[in-house]
Amino acid sequence: MDIRIIISVLRATLRQSTPITLGALGGIFSERSGVVNIAIEGMMLSAAFAGFMVNVYTGNLFFAVIGAMIVGGLMGLIHAWLSITFKIDQIISGTVINILAIGLTGYFYQSGATTKGKLSPIPIPILSDIPVIGEVLFNNPPITYTAIVMVFVTAFIMFRTTWGLRTRAVGEHPHAADTVGINVYLVRYINVIISGAVAGLGGAFLTLESVGSFERGITNGRGFIALAALIFGKWNPYGAWGAALLFGFANAIQTQLQFTGGLNVPHEFIGMIPYVLTVLVLAGFVGKARPPAAVGQPYDGHLSLKEIFNDISKMFKTKSPEIS
Amino acid sequence: MEEKSTFRTDQIMAIIQPFIVPVLAIFTSVIVGSIFLLAYGFNPIDAYSGLLDGAFGSNRRIAKTILNTIPYIFGGLAVAFAFKGGLFNIGAQGQLFMGAISAAYVGFVFEGLPFIIHMPLAVLAGALGGAFWGAIPGFLKAYTGAHEVITTIMFNYIALSFVGYLVSGPLKLEGSVIAKTPEIADAAKLPFFGTGELGLHYGIPLAILVAFIIYWLIWKTPFGFELRTVGLNPSAASYSGISVKRVTIFTMAISGLLAGLAGTVDTLGLIHHFEPSFNLGYGFDSITIALLAKNHPLGVILTSFLFGAMSAGSTRMQRASGVPSEIIQVVQALILMFVAAEQLIRIMYRLRSQEGEGLQLSSGWGAG
């Protein structure tokens, strides 16, 4: 096969996988803390829209990315408020976010608004000169790099920090976590907000880096593919990244086939691969996926504002002594 | 005398009680919706009166409202039925697609069949298409513990790709630019009744009949008893000798069947061919419809009518007052939020809370 086709497929793979990776990483924060997140799609969509609008009004791409992440975080806050404070079913809460995002972005979108440019590739010196690899890996726009870095950052936070340990404790056994003095509500709230912000960066990728403008329903199910990647990757950042790359590759091949033909498989069947694989993994046909034990269950402890404030101030003052 | 009158008030209250929260939820959502309208410089009264005019302003519009209501009833029933069995069917959209394409296929592939055979056959095909697509996640849940929320989401997208392949490949209308199936035979179409502008097809009596059948199935049959027991407490059900696996598979199959019928009535009654974009957007709406009706089959008829009116009226509203029709989705999301977070409504209107009204429908991915 022509080397140029290979490079273009690999570049497309990375490009397609970026929003999926970020969505899945966002999902990991939320679900590891015990809050089911089927709202990734809605968080990405509203953030994509917010990023676009900030870009239209300020023309500043950095502010646009930050704006997208803030709005993603706000959607996370709503999800947290409904499912943690009001204890409504987390899947329904996620559905509320998803419908709300479609409605609000569609309502506020003016079709006249024109974009003020998008993020352009930053070739990394020397490394980008390596043939093939350099072109694929080291000549990308900033959010694509950030997504790759975020994989390692998320893994570090989850498995190497006190915060990660607390998050996993709350997601596996909230009552035990509560007895050792972890504020279950606070840990969940913050993780769900982070979840929205990270997924929001994935949304920003669409309007500020890939497409460059907004259209209604621009996420087009990517949030649900991210959910699939999260499960296929067994709630692990590296696994989720691998799944996102695989799904991105499936997508890239699908697009390539539509252009060039070859391979006697209808492209729709290649498009199904992520979903079929996820079902197989979930059903235990391809290794068993084990979700965090307490995911989906609202926590029924006491909730006092005073305690939350105390915990927040403690967080900033001292390193927690109980876990070393 | 005094005693008698209070007795009557109690009776009235008992009838009104279940309606209070849903009505207040709708009311609050409309008010919050007005804030969004004002924020964008629209007059809420103009917008909502445009909506009402669009939904009920003429015979033709009323007919449109009722025609829109029909698939909502089936979709709402699908979700409500699964909820009664403790299952969250988020896959109504995929089941609807599979039902619609099956009905369309049977509708156009046979020629010269008499109406009395062809139409029921097409309806049956649609029902079975949906039932099949619902049964697979049910089976996976029963035998592998795969959570139905994720599997049904995945099956939505698998169905979307699959029907996309069918209408652009083997079942494509030859020579058409748009990916769609050929038109179904006249003998497979749901006939219209009513005259002139108030023309309705037989999907509406079918929908109401099916709602009553589902009501009967849930509350008057042994299967319904098993279904509700499994829904309330699967381990207790299993301990008392109910086969939770069997009930789970049947619940999902029937739920899928109902969703399949939602696609079927539109295909056979209104669209007369299958084209994926005409059947989109029912999955999430069905969830709101079911929850607003508190998963009661007869309540679903009422809430579907509300949704039918909103969708019929929104186009007119957009044309008359320039309000983007998406405001309807904002209001619907708010309705879902307020219905699910009943506590919110109770705090806002200072209502006393009721025993055991919490709504925990599913128990996360891990629940086997």
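Note that the structure is predicted; figures quoted are calculated from it, not measured.

The rules behind each value
- Within each chain, residues carry numbers counting from 1 in the order of the written sequence.
- All chains are assigned letters beginning at A, and all ligands numbers beginning at 1, according to the order in which they are written.
- In view of the model being predicted, local features appear only for residues whose pLDDT reaches at least 70, and side-chain atom pairs are presented and counted only at 80 or more, with totals across whole chains, interfaces and linings using the full set of residues.
- Where side-chain values are given, they derive from all heavy atoms of the structure, hydrogens and water being excluded.
- Here a residue-residue contact requires only that any non-hydrogen atoms of the pair lie within 4.5 Å.
- Note on terms: buried area is the combined drop in 1.4 Å-probe accessible area of two parts once they are placed together, counting the loss on both.
- Within this document, salt bridges are pairs made up of a side-chain nitrogen of Lys or Arg and a carboxyl oxygen of Asp or Glu, the two lying within 4 Å of each other.
- Elements are defined by DSSP. Helices are runs of H or I of four residues or more, strands are runs of E of two residues or more, and each kind is numbered from the N terminus.
- Three classes are used, and their members are as follows: Ala, Val, Leu, Ile, Met, Phe, Trp, Tyr, Cys and Pro are nonpolar, Asp, Glu, Lys and Arg are charged, and the others, Gly among them, are polar.
- In this analysis, rings of Phe, Tyr and Trp, with Trp reduced to its six-membered ring, are considered paired at centre separations within 6.5 Å, and the interplanar angle assigns stacked below 30 degrees, edge-to-face beyond 60, and tilted for intermediate values.
- Using a 1.4 Å probe on the protein chains alone, a residue whose accessible area is under 20% of its type maximum counts as buried, one over 50% counts as exposed, and one in between counts as partly exposed.
- One less than the number of residues in a helix, times 1.5 Å, gives the span that helix is expected to have.
- The seven residues ending at a residue and the seven starting there each receive a fitted axis; the angle between those axes is the bend at that residue.
- To count toward a patch, a residue needs a relative accessible area over 30% and no salt bridge; like charges are then connected within 9 Å, while nonpolar side chains (Val, Leu, Ile, Met, Phe, Trp, Tyr) are connected within 5 Å.
- Only the protein chains shown count as cover for residues, and all accessible areas are computed by the Shrake-Rupley method using a 1.4 Å probe.
- Every axis corresponds to a line fitted to the C-alpha atoms, with the helix fit spanning only the stretch in contact, and the corresponding angles, defined between N-to-C directions, vary from 0 to 180 degrees.
- Roughly parallel means an angle under 35 degrees; roughly antiparallel, over 145; roughly perpendicular, 65 to 115; everything else is oblique.
- Confidence of the prediction at every residue is given by pLDDT, a number between 0 and 100.
- Handedness of a crossing follows from how the near helix is turned relative to the far one, being left-handed for an anticlockwise turn of less than a right angle and right-handed for a clockwise one.

1. Digging into the interface of chain A and chain B
Here comes step 1: Counting residues at the interface gives 46 residues for chain A and 49 residues for chain B.
Here comes step 2: Contact with chain B buries area across many residues of chain A, yet Ile 92, Ile 99 and Tyr 107 of chain A alone supply 17% of it, more than any other trio.
Here comes step 3: Along the contact surface separating chain A from chain B lie 1 salt bridge.
Here comes step 4: A salt bridge links Arg 216 of chain A to Glu 326 of chain B, with the shortest nitrogen-to-oxygen separation between them at 2.9 Å.
Here comes step 5: Broken down by secondary-structure element, the contributors of at least two residues to the side of chain A that touches chain B are helix H3 (61-85), helix H4 (90-108), helix H10 (222-232) and helix H12 (267-282) of chain A.
Here comes step 6: Looking at which element gives the most residues to the side of chain A that touches chain B, the answer is H4 of chain A, with 13 residues.
Here comes step 7: Across the side of chain A that touches chain B, the residue classes break down as 32 nonpolar, 9 polar and 5 charged.

2. Details of the packing of aromatic side chains
Here comes step 1: Counting across every chain of the model gives 31 aromatic pairs over all chains.
Here comes step 2: Geometrically, the ring pair formed by Phe 269 of chain A and Tyr 165 of chain B is edge-to-face, given 4.7 Å between the ring centres and 70 degrees between the ring planes. Separated into two different chains, Phe 269 of chain A in helix H12 and Tyr 165 of chain B in helix H6 (residues 148-168) make up a pair that spans both.
Here comes step 3: Phe 269 of chain A sits in the partly exposed class, given a relative accessible area of 30%.
Here comes step 4: What links up through ring pairs into an aromatic cluster is the set Tyr 107 and Phe 108 of chain A together with Phe 36, Tyr 40 and Phe 42 of chain B.

3. As for helix H1 (residues 3-32) of chain A
Residues and elements named next belong to chain A.
Here comes step 1: Here H1 spans 41 Å end to end across 30 residues, near enough to the 44 Å set by a 1.5 Å rise per residue.
Here comes step 2: Considering bend angle alone, the principal kink of H1 is centred on Ser 17 and spans about 35 degrees; proline Pro 19 follows within four residues of it.
Here comes step 3: Among the 30 residues that make up H1, 21 are buried, leaving the element largely enclosed by the rest of the structure.
Here comes step 4: Positive phi shows up at Gly 34, right after H1, with a value of about 100 degrees.

4. Describing a nonpolar patch on the surface
Residue and element names in this part refer to chain B.
Here comes step 1: There is a patch of nonpolar side chains on the surface, built from Tyr 105, Val 109, Phe 110, Phe 115, Ile 116, Ile 117, Leu 121, Leu 124 and Leu 128 and spanning about 820 Å² of accessible area.
Here comes step 2: Those elements that place two or more of their residues in the nonpolar patch are helix H4 (92-109) and helix H5 (115-144).
Here comes step 3: With 6 residues, the top contributor of residues to the nonpolar patch is H5.

5. Comments concerning the packing of helix H11 (residues 237-260) of chain A against H12 of chain A
Residue and element names in this part refer to chain A.
Here comes step 1: Orientation of H11 relative to H12, taken along the N-to-C sense of each, is 170 degrees, at an axis distance of 8 Å. Classified by the angle their axes make, H11 and H12 are roughly antiparallel. Facing H11, whose interface residues are Leu 246, Phe 247, Ala 250, Ile 253, Gln 254, Leu 257 and Gln 258, H12 presents His 267, Ile 270, Gly 271, Pro 274, Leu 277 and Thr 278.
Here comes step 2: Residues of the contact of H11 with H12, tallied by class, amount to 8 nonpolar, 5 polar and no charged.

6. A closer look at the environment of Ala 236 of chain B
Here comes step 1: Inspection of the secondary structure puts Ala 236 of chain B in helix H9 (residues 234-239).
Here comes step 2: Spatially, the C-alpha atom of Ala 236 of chain B lies 47 Å from that of Ser 325 of chain B, the residues being 89 residues apart in sequence.

7. A closer look at unusual backbone geometry
Here comes step 1: Notably, Ile 126 of chain A is not glycine yet its phi reads approximately 65 degrees, a positive angle.
Here comes step 2: By the element assignment, Ile 126 of chain A lies in the loop between strand E1 (122-123) and helix H5 (133-137).
Here comes step 3: Residue classification places Ile 126 of chain A among the exposed positions, given a relative accessible area of 69%.
Here comes step 4: Not every positive phi belongs to a glycine, and Lys 294 of chain B is a case in point at roughly 50 degrees.
Here comes step 5: Among the structural elements, Lys 294 of chain B can be located in the loop between helix H11 (282-292) and helix H12 (297-321).

8. Looking at the confidence of the model for chain A
Here comes step 1: Here chain A averages 88 in pLDDT, while 90% of its residues score no lower than 70.
Here comes step 2: In the predicted structure, residues 319-324 of chain A sits below a pLDDT of 50 and forms 7 contacts with residues beyond four places in sequence or in another chain.

9. Overview of the packing of H4 of chain A against H11 of chain B
Here comes step 1: Direction vectors running N to C along H4 of chain A and H11 of chain B enclose 125 degrees, while the axes themselves pass 11 Å from each other. In terms of axis orientation, H4 of chain A runs oblique to H11 of chain B. Between H4 of chain A and H11 of chain B lies a crossing of left-handed hand. Only Phe 284, Ile 287, Thr 288 and Leu 291 of chain B of H11 of chain B make contact with H4 of chain A, whose side of the interface consists of Ile 92, Thr 95, Asn 98 and Ile 99 of chain A.
Here comes step 2: When its residues are assigned to classes, the contact of H4 of chain A with H11 of chain B shows 5 nonpolar, 3 polar and no charged.

10. Topic: helix H10 (residues 244-271) of chain B
The α-helix advances 3.6 residues per turn, and as a result positions three or four apart in sequence lie on the same side.
All names here are of chain B.
Here comes step 1: A rise of 1.5 Å per residue sets the reference length of H10, with its 28 residues, at 40 Å; its end C-alpha atoms lie 39 Å apart and thus fit the reference within 8%.
Here comes step 2: In terms of burial, H10 is largely enclosed, as 21 of its 28 residues are buried.
Here comes step 3: His 272 occupies a position one or two residues after H10 and carries a positive phi of about 65 degrees.

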